[in-house]
Amino acid sequence: MRSLAKARRTLRPRLALPVSLALLAALVTGCFGSPIGGGGLNNDQRFSLQGTVVDAGPAAAPVAGAIVQAAGHETETGPDGAFSLGNLPVQGPSMPVTVSAPGYETATFLIQPVAGEVLVLDVILAPTGAGEPGDGGTPGDGGDEPGNGGDPGDGGSGGEPEDPVYSGVVEARIRLVNASAGASVSTASAGPADLLTRPVARRPQAATVDASVPGEWIVQLNGDYPVQAVNTTWAAAGVQIVEHLADNFYLVAATGGASDAETEDRLARLPNVVSVEPNRPVHPVAVAYNPNDTYFARQWGLTMVSVPQAWNVTRGSRNVVVAVLDTGLLPNHPDIQGISIVNGRNFASGQSATNYTDDATNLSHGTMVTGIIGAMTNNGSGMAGINWSVSIMPVRVMSSRSGGTVAAVGQGIRWAVDNGAHIINMSLAWDASYNDTFVNQQIEYAASRGVVLVAGAGNDSGRITMPAAHPDVIAVGAVDRNKRVAWYSNYGPQLDVVAPGGDTRSGQAGGILSTDIVSGRLGYSYQQGTSFASPHVAGIAALMYSAGITDAQEIRELLRHTAEDLGTPGFDNYYGYGLVNAYAAVTRSDPVRAQVSVAAEDGRVTGPALPQRMGGQTIARIEGVAPGAQAVFAWIDTVPDGVLGEGDFAGLAAVNVPAEGTVAADLVLALWETLPSNDRARLDALVNR
Amino acid sequence: MRDQWWLALLLVAGAVMVVAGLGATGGAPNAPGSEPPDYPGMEPSGSPAHSQARVHLGVAAQELELDGRSGYVMSLGVMASGDDDAVLTFRSGQMWDFVVTQAGREVWRWSWGRVFPATVTEHVFRPGKLAVFTATWDGRDPTGAPVSGAVEVRAVLTADPPLETDPVVLHLP
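The rules we used
- Residues numbered from 1 in each chain as written.
- Chains lettered and ligands numbered in written order.
- Predicted model: local features only at pLDDT ≥ 70, side-chain atom pairs only at ≥ 80, totals over all residues.
- Heavy atoms only, no water.
- Helix = DSSP H or I, 4+ residues; strand = E, 2+ residues; numbered from the N terminus.
- Buried < 20%, exposed > 50% of the residue type's maximum accessible area, 1.4 Å probe, protein only.
- Areas by Shrake-Rupley, 256 points an atom, 1.4 Å probe, with all protein chains shown as cover.
- Contact = heavy atoms within 4.5 Å.
- Pairing = 2+ DSSP bridges.
- Axes fitted to C-alpha atoms, helices over the stretch in contact; angles between N-to-C directions.
- Parallel < 35°, antiparallel > 145°, perpendicular 65-115°, else oblique.
- Left-handed = near helix turned anticlockwise from the far one by under 90°.
- Nonpolar A, V, L, I, M, F, W, Y, C, P; charged D, E, K, R; others polar.
- Core = buried A, V, L, I, M, F, W, Y, C linked by side-chain atoms within 4.5 Å.
- 1 Å grid on protein atoms, 1.4 Å probe; cavity = no way out; pocket = protein on both sides within 12 Å on 5 of 7 lines; lining within 4 Å.
- Points joined across faces, edges and corners; volume = space filled by probe spheres on them.
- pLDDT = per-residue confidence, 0-100.
- Polar contact = N/O pair within 3.5 Å; in protein donor to acceptor, adjacent residues only side chain to side chain.

Student: Where do I start with the overall build of chain B in this structure?
Tutor: When its secondary structure is counted, chain B shows one helix and eleven strands. Relative to its full complement of 173 residues, chain B shows a buried share of 49%. As displayed, chain B offers around 8,100 Å² of accessible surface, 53% of which is attributable to carbon and sulfur atoms.

Printed below as a string of structure tokens:
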């Protein structure tokens, strides 16, 4: 009966709705959350825990005197089994809670706290030794033995109904897919207001309308300026900066009596103004955010790896520095000239040490790579960068005309690390048989300093080239727009992930679009190669950094384990761990966080179980499952509110559970918004009941 | 007949390269003779359509001395062999290579220790237009030891698949 007792130790966390709505109301009225770049959890934030502890018996008798421990605090349940713990620090996306009482098995489980919220728990404790042979203690536990073939509810020996014990096991492989894999992805045209917040806790009915806040605009300037100086300049225009939001974004309010339309028009004409958008209430969901760049629709790679969804969590930060070790760049390109460029350097031949300008007149490789990572975005023209705001450190280690040297790459890595780079992108290659101690040492130096190194795997349809082959470097292969490994992409055991690299053999649109120079004219082109897969990953790593995920090893692990598994299940040499998933990565939606359960047709649920990593796969094992047709389901509380809904990953699959033995299931978790409506309804009933 | 005139051109190109700077370890390629299409405005452009690749290759190598330093200049010439453009695919920013062997053993390779952008590109070679790629070698092996005696020089157009020339022989002192 021990398994029965565990199966019945259920946890039903739910949000205290009034508190949730109060928080939402505060946000709607313009009380912004943490600024961009501070997207990580704030240790100063607090939450509360309350609920009841009851006995697992049919009467669900309150357990008085139970000790509830969380975040280093503890309390004791009263005569009615109720407890309350207030002012608890949020210590991470999930935290353990332990409940113990004399005569009961100690229960330890994980909760997902949300700052400012009250989490309500009902904890059911199983008596110690309940059902153990010979204990004879707990009333009513002398029921069916495991596997005796009785149908649920077919009665036992009379008296109180007994819960039967089953021996079926479901072993579910949990994997994520990108948003583009679903039936549809809803879109929204929210303004930059939600750039400044994490997705907020919400229930499905709590969605807000997309109305503007009267008399307020989010204005992007072409640089950081002192607020007072700008307000002095703008005094006659009837507007003033209310708040410097982040980077070069400002909250501006009308001070005159002009209409909003007139004021907005006036704002747009002011010097140094790059963009003007009405301030809007926070959108509480993780829908796709599509910028207004002309060529965004042609950037299939961004949609494929869920970048528009990630933009609802973070759009980058100028405080994150990405070094682009490449051919230099063309700083006058109209989609590049407005971005932050820091500490550029040249280590290639033919130019001075400070001249990092690309010498290309056709195909500026470094400019293309830079555009993918951080071209000017939502500026009404050109392309979108993965980061709307980021600092690029151009480190020129190659000439567009004759390549570069391994030594220059080593010098470039050293320069980048010593001058503040957080991430280094290397869309370049040399033969892995060329073993250079100097460059290896610089790679290891960078890794020891916590710098994220990313490189293209090479285009030889063969073994992975250097520097991607180095164990401290994230090796990135390429896929085409159909998520097939690109015809040229190198493969091998060093491969970490794949990303869009394109295939132009059947048309240019199959390539990766980015900023370029064509026949001496600044413009855009489509290209193919792992050169362009690598900056997709470096760009996503920069988004992760801006969302508060700053540990290089964690970034690499999250990129791997949140990836959409393609090819052979688990790791394989052609896709590595799979196709990167920007939204899952920036939200730390590692499938090991999934809560996995099995539901029978009568509504009985077994679980949840937490998956474990087994090799390159994530496996959950649910034991004690009744035989017959059941549904295995799982979800990740990505938007950490204890409720399954928008912004969360979820999925379900049918399984036929044997009376004895194990059945395997492949459980694909997709973004809630992309799930078929009938799956959503079923999952909502199972999880949010 | 055709080989003769463009081999002569290669030697001229090599001489020009050496005058430009003996210290260089590799030379800039001449434009492959193609005029990229005129793209209107800022519209994205891309690689031209595929066609069957047919090109002539030739290699030339000669010793030259400048300011008391001796070296060997190598030139690879490429031209479409038929009446149509030849479009070749390259798997990286590297388009050419030179390999020096002695008694079957490789003693120098231009690309050794060099780095190239990991981009797949296509280049157009046109009939009647010669593209020349050059490099200079200081006559030493990777350890810095001078090489003496007869060596064979091959040029490689590192297209997909790579195309290699027949060797030419140099006699080093």
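What follows picks up the thread again.
Student: Just checking my understanding: could you explain the overall build of chain A for this structure?
Tutor: Helix and strand counts for chain A stand at 13 helices and 35 strands. Within chain A, buried positions represent 57% of all 689 residues. In chain A, once contacts between residues fewer than 6 apart in sequence are set aside, the share between residues at least 24 apart is 71%. Accessible area for chain A stands at about 25,000 Å²; split by element, carbon and sulfur atoms hold 49% of it.

Student: Help me understand the sheet that holds strand β35 (residues 660-671) of chain A, please; the structure alone is not making it clear to me.
Tutor: In a beta sheet, neighbouring strands are held together by backbone hydrogen bonds and run either parallel or antiparallel to one another. All names here are of chain A. The eight strands are arranged β30-β29-β33-β34-β35-β9-β32-β31 in an open sheet whose pairing can be described as mixed. Among the strands making up the open sheet, the edge pair consists of β30 (605-609) and β31 (612-614). Strand-to-strand, the axes of this sheet are offset by a mean angle of 25°, without reference to chain direction. Of the strand pairs in this sheet, β31 and strand β32 (residues 617-625) are connected by three bridges, and their pairing is antiparallel. Following the sheet pairing, R613 is matched in β32 by T618.

Student: Just checking my understanding: could you explain the pairing of β32 of chain A for this structure?
Tutor: Two faces make up the sheet, and in a regular strand the side chains alternate between them. Residue and element names in this part refer to chain A. Relative to β32, strand β9 (residues 167-176) runs antiparallel, the two being bridged by five bridges. Within the sheet, the bridge partner assigned to G168 lies in β32 and is V625. Turn length for the β31-β32 hairpin, with the two strands adjacent in sequence and antiparallel, is two residues, and the turn residue G615 shows positive phi of about 65°.

Student: Explanation requested: the packing of helix α10 (residues 530-546) of chain A against helix α11 (residues 552-561) of chain A in the structure shown.
Tutor: Between two packed helices, what matters for the description is the angle formed by their axes and the separation of those axes. Residue and element names in this part refer to chain A. Packing of α10 against α11 brings their axes to within 11 Å, and their N-to-C directions diverge by 120°. Between α10 and α11, the crossing angle belongs to the class labelled oblique. The interaxial crossing formed by α10 with α11 has right-handed handedness. Between α10 and α11, the contacting residues are V537, I540, A541, M544 and Y545 on the first element and I555, L558 and L559 on the second. When grouped by side-chain class, the residues that make up the contact of α10 with α11 number eight nonpolar, no polar and no charged.

Student: How should I be thinking about the nonpolar core in this particular structure?
Tutor: Burial of nonpolar side chains together is a common tendency in soluble globular proteins. In this structure, L325 and I424 of chain A are the most contacted members of the largest nonpolar core, which totals 128 residues. Looking at this core, the element that brings in the most residues is α10 of chain A, giving ten residues. Each residue touching I424 of chain A, except ones within four places of it in the same chain, is listed here: A323, L325, I413, A416, V417, V451, V452, L453 and V454 of chain A. Ranked by size, the runner-up nonpolar core spans 32 residues in total, among them A61, Y72, F116 and F125 of chain B.

Student: Can you walk me through the sheet that holds strand β20 (residues 398-399) of chain A in this structure?
Tutor: Taken in spatial order, the four strands make up an open sheet running β20(A)-β21(A)-β6(B)-β23(A), and their pairing is antiparallel. Single-partner strands in this sheet number two, and they are β20 and β23 (428-429) of chain A. Two strands pair when backbone bridges link them, and β20 of chain A and strand β21 (residues 403-405) of chain A are joined in this way by two bridges, in the antiparallel orientation. Residue pairing in the sheet places S399 of chain A in a bridge with G403 of chain A of β21 of chain A.

Student: Would you mind going over empty space enclosed by the protein with me for this structure?
Tutor: Space left empty within the atom packing is revealed by a probe, the size of a water molecule, rolled over the atoms. All names here are of chain A. Tallied over the full model, the rule gives eight cavities of 30 Å³ or more. As a volume, the largest cavity reaches approximately 180 Å³. As for the largest cavity, its lining consists of 20 residues, of which Q220, N248, M376, W388 and S389 are closest to the centre. At the level of elements, β14 (273-278) and β19 (389-396) are the ones that each hand at least two residues to the lining of the largest cavity. If one sorts the elements of the lining of the largest cavity by residue count, β14 sits on top with three residues. Looking at the lining of the largest cavity residue by residue, the class counts come to seven nonpolar, eleven polar and two charged. Lining the second largest cavity are 15 residues, and of these I174, H561, A563, D565 and G616 sit closest to its centre. Every element with two or more residues in the lining of the second largest cavity is listed here: β9, α11 and β32. A total of four residues in the lining of the second largest cavity trace back to one element, the largest contributor, which is β9. Across the lining of the second largest cavity, the residue classes break down as six nonpolar, five polar and four charged.

Student: Help me understand unusual backbone geometry in this model?
Tutor: Note: most peptide bonds trans; most residues except glycine with negative phi. Residues and elements named next belong to chain A. A cis geometry characterises the amide bond from G607 onward to P608, with omega recorded as 5°. Looking at the element boundaries, P608 is found in strand β30. At N343, a position not held by glycine, the phi torsion is positive, near 50°. Looking at the secondary structure, you find N343 in the loop between β17 (340-341) and β18 (345-346).

Student: I'm lost on the confidence of the model for chain A in this one. Help?
Tutor: The predicted coordinates should not be examined in detail at positions where pLDDT is low. Residue and element names in this part refer to chain A. Here chain A averages 82 in pLDDT, while 82% of its residues score no lower than 70. In the model, residues 182-210 has pLDDT below 50 throughout and makes 92 contacts with residues more than four positions away in sequence or in other chains. Low pLDDT, under 50, characterises residues 281-285; the predicted model gives this stretch 20 contacts beyond four residues in sequence or across chains.

Student: What is the right way to look at the side chain of N231 of chain A in this model?
Tutor: Residue and element names in this part refer to chain A. Mapping N231 onto the fold places it in helix α3 (residues 227-234). Of note is the side chain of N231, whose polar atom sits 2.5 Å from the backbone nitrogen of I241. Beyond its immediate sequence surroundings of up to four residues, N231 is in contact with Q240 and I241.

Student: Hey, could you run me through the confidence of the model for chain B in this one?
Tutor: Residue and element names in this part refer to chain B. For chain B, per-residue confidence averages 77 on the pLDDT scale, and residues scoring 70 or more make up 69% of the total. Below pLDDT 50 for its whole length, residues 11-41 participates in 59 contacts with residues either more than four positions away or in separate chains. In this model residues 47-52 is a low-confidence stretch, pLDDT under 50, and it forms 16 contacts with partners more than four residues away in sequence or in other chains.

Student: How should the environment of S489 of chain A be read in this particular structure?
Tutor: All names here are of chain A. For S489, the location among the structural elements is in the loop between β25 (474-479) and β26 (495-500). Accessibility expressed as a relative area gives 3% for S489, which makes it buried. Once the C-alpha coordinates of S489 and R463 are considered, the two residues, 26 residues apart in sequence, prove to be 9.2 Å apart. Filtering out sequence-adjacent residues up to four positions away, S489 remains in contact with G458, S461, G477, A478 and T530. From its side chain, S489 meets the backbone nitrogen of A478 in a polar contact 2.9 Å long.

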